[in-house]
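One-letter residues, chain by chain:
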Amino acid sequence: MHKGQYRFVAGFLLAPVSLYLIFVIWPYIQTIGYSLTDWKGQSQTFKFIGLDNYKALFQDDVFMQAIWHNILFLIFIPVITILLALFFAFMLNAGGRSRAGGVRGVAGSQVYKIVYFFPQVLSLAIVAVLFNAVYRSDGGGLLNGFLIKLGLVDAENPMEWLNEPNLVLWMLVIAVVWHGVGFYLVLFSAAMQSIPRDIYEAALIDGAGRNQSFFRITLPLLWDTVQTAWVYLGIVAMDMFVLVSSMTQNMGAYGGGPDHHSDVMSTVMMRNFQYFGKSGYACAMGVVMLLLTLVLSVVMLRATRRDRVEF
């Protein structure tokens, strides 16, 4: 009987595991192999050069600067997105008070959930187009137009938001947060549905306010969901290719302007792979990206690990 079970399970696992090995694991192995060569991408001939590509990586100022930009995204994108999503989810699920003194969401919470989730249905390419219109520097952009009306920006010299070295990263962070908050709001809202209302009502009777209810009840009981969200947002922060290459596309091949102040590892990698023809060198960048993402995922999971709260 046990042998029959093993054969049954193995039969179902054979196809998906084979596909995973062929289309996921094997490309990783190939990339690692190519990273040890001087492959140009357009030729089948290349020679083994060992770790030379990796040595060159850590002497490449552009790539090191791109790593720093990814680290900044890794810090600010998860923190801002999760804090906003938690706040909105709490207000939409437990931020209001019923006439009977119970706990419920604020008025119109169902409508707000749809409105907040709307940006998530847009592709990143569309998000890039929208925020390019918002950040337009000719005075016709939404942000410049608003600030000109308030008298905070000179109409003859509007701000070039995506061409300011000290601002361009923050402009990208705003776009990512706007796009992602709605999804994590719905995720946290779904998790909050499993928290019994009796807990909030008991806390309300004991005199707990919204802040105490959030930090003493909501956050501890949602910690596993927050941990999962942190890992996913960390992966987003380690990529950023679509937004950077689309929103800063007029500032160099695959974006990164001005003067590499918005470059991330993925844009530097693609520029070397397709624009400069340094495919082996780009593969080495891809391997470094993979290792950094794995290490950071493990670190975040361990750093945010805590005892499960039961109710």
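About the thresholds
Residues numbered from 1 in each chain as written. Predicted model: local features only at pLDDT ≥ 70, side-chain atom pairs only at ≥ 80, totals over all residues. Heavy atoms only, no water. Patch = residues over 30% accessible without salt bridge, like charges linked within 9 Å, V, L, I, M, F, W, Y side chains within 5 Å. Areas by Shrake-Rupley, 256 points an atom, 1.4 Å probe, with all protein chains shown as cover. Salt bridge = Lys/Arg side-chain N within 4 Å of Asp/Glu carboxyl O. Buried < 20%, exposed > 50% of the residue type's maximum accessible area, 1.4 Å probe, protein only. UniProt positions renumbered as here; feature names shortened; annotations may be inferred. Helix = DSSP H or I, 4+ residues; strand = E, 2+ residues; numbered from the N terminus. pLDDT = per-residue confidence, 0-100. Expected span 1.5 Å × (residues − 1). Contact = heavy atoms within 4.5 Å. Axes fitted to C-alpha atoms, helices over the stretch in contact; angles between N-to-C directions. Parallel < 35°, antiparallel > 145°, perpendicular 65-115°, else oblique. Nonpolar A, V, L, I, M, F, W, Y, C, P; charged D, E, K, R; others polar. Phe/Tyr/Trp six-rings, centres within 6.5 Å; stacked < 30°, edge-to-face > 60°. Core = buried A, V, L, I, M, F, W, Y, C linked by side-chain atoms within 4.5 Å. Polar contact = N/O pair within 3.5 Å; in protein donor to acceptor, adjacent residues only side chain to side chain. Left-handed = near helix turned anticlockwise from the far one by under 90°.

**Description of a nonpolar patch on the surface**
A cluster of nonpolar side chains, contributed by Phe8, Val9, Phe12, Leu13, Val17, Leu19, Tyr20, Leu21, Ile22 and Phe23, occupies part of the molecular surface with about 1100 Å² of accessible area. Exposure remark for Leu13: the relative accessible area of 46% places this residue in the partly exposed category.

**Remarks on the UniProt feature "transmembrane region" (unreviewed entry) in the chain**
According to UniProt, the feature "transmembrane region" (unreviewed entry) maps to residues 7-29, 67-93, 114-135, 167-187, 229-248 and 279-301 in the numbering used here. From the first C-alpha to the last, residues 167-187 spans 30 Å; its make-up is 95% helix and 0% strand. Secondary structure across residues 279-301 comprises 100% helix and 0% strand; the distance between its end C-alpha atoms is 33 Å.

**Describing the confidence of the model for the chain**
Reading predicted coordinates in detail is not appropriate for stretches of low pLDDT. When pLDDT is averaged along the chain, the result is 84, and 91% of the positions lie at 70 or above. Taken element by element, the chain is modelled with least confidence in strand β1 (residues 96-97), mean pLDDT 61, and with most confidence in helix α2 (residues 52-57), mean pLDDT 94.

**A closer look at helix α10 (residues 223-237)**
If you check α10, its first and last C-alpha atoms are 21 Å apart, about what 15 residues at 1.5 Å a residue would give, namely 21 Å. Of all the positions in α10, only Thr225, Val226, Gln227, Ala229, Val231, Leu233, Gly234 and Ala237 are classed as buried. Where the residues of α10 are buried, they touch α3 (61-94), α7 (168-192), α9 (210-221) and α13 (279-303).

**A word on the packing of α3 against α9**
Orientation of α3 relative to α9, taken along the N-to-C sense of each, is 105°, at an axis distance of 12 Å. With respect to α9, the axis of α3 lies roughly perpendicular. Touching Leu86, Phe90 and Met91 of α3 are Arg210, Ser213, Phe214, Thr218 and Leu219, all from α9. Split into classes, the residues belonging to the contact of α3 with α9 amount to five nonpolar, two polar and one charged.

**Observations regarding the packing of aromatic side chains**
Applying the stated criterion across every chain, the model contains eleven aromatic pairs. Judged by centre distance (5.2 Å) and plane angle (70°), the rings of Tyr275 and Phe276 are edge-to-face. Tyr275 sits in the exposed class, given a relative accessible area of 57%. An aromatic cluster of three or more residues is present, and its members are Tyr34, Trp39, Phe46 and Phe273.

**Examining the nonpolar core**
Judged by nonpolar contacts, the single largest core of 68 residues is most densely connected at Phe73, Phe188, Met240 and Met247. Here the element with the most residues in this core is α7; it accounts for 14 residues. In this view, Phe73 contacts Pro78, Leu169, Leu172, Val173, Ala237, Met240 and Val264; residues no more than four positions away in its chain are not counted.

**Here we look at the side chain of Asn272**
Among the secondary structure elements, Asn272 is positioned in helix α12 (residues 265-275). Its relative accessible area of 6% is what places Asn272 among the buried residues. Dropping the residues within four chain positions of it, Asn272 is found in contact with Gly277, Lys278, Ser279, Tyr281, Ala282 and Met285.

**Remarks on unusual backbone geometry**
Even without a glycine there, the phi angle at Met240 is positive, about 65°. Within the secondary structure, Met240 is located in the loop between α10 and α11 (241-247). Residue classification places Met240 among the buried residues on the basis of a relative accessible area of 5%. The backbone of His260 sits at a positive phi, close to 65°, despite the residue not being glycine. Turning to its location among the elements, His260 is positioned in the loop between α11 and α12.

**A look at the environment of Leu72**
Locating Leu72 in the fold gives a position in helix α3. The class for Leu72 is partly exposed, based on a relative accessible area of 22%. Through-space distance from the C-alpha of Leu72 to that of Ala237 is 8.5 Å; in sequence the pair is 165 residues apart.

**Points about the side chain of Ser297**
Here Ser297 shows up in helix α13. Within the local environment of Ser297, its side chain forms a polar contact with the backbone oxygen of Thr293, the two atoms lying 2.8 Å apart. Sequence-distant contacts of Ser297, defined by excluding residues within four places in its chain, comprise Val231 and Ile235.

**A closer look at the packing of helix α8 (residues 197-205) against α9**
In helix packing, the relevant descriptors are the interaxial angle and the interaxial distance, both defined with respect to the helix axes. At a minimum axis separation of 11 Å, α8 and α9 run at an interaxial angle of 160°. By the angle between their directions, the pair α8 and α9 is classed as roughly antiparallel. As α8 packs across α9, the resulting crossing turns out to be right-handed. Between α8, through Ile199, Tyr200 and Ala203, and α9, the contact on the second element is made entirely by Ser213, Ile217, Thr218 and Leu221. Among the residues making up the contact of α8 with α9, the classes are represented as five nonpolar, two polar and no charged.

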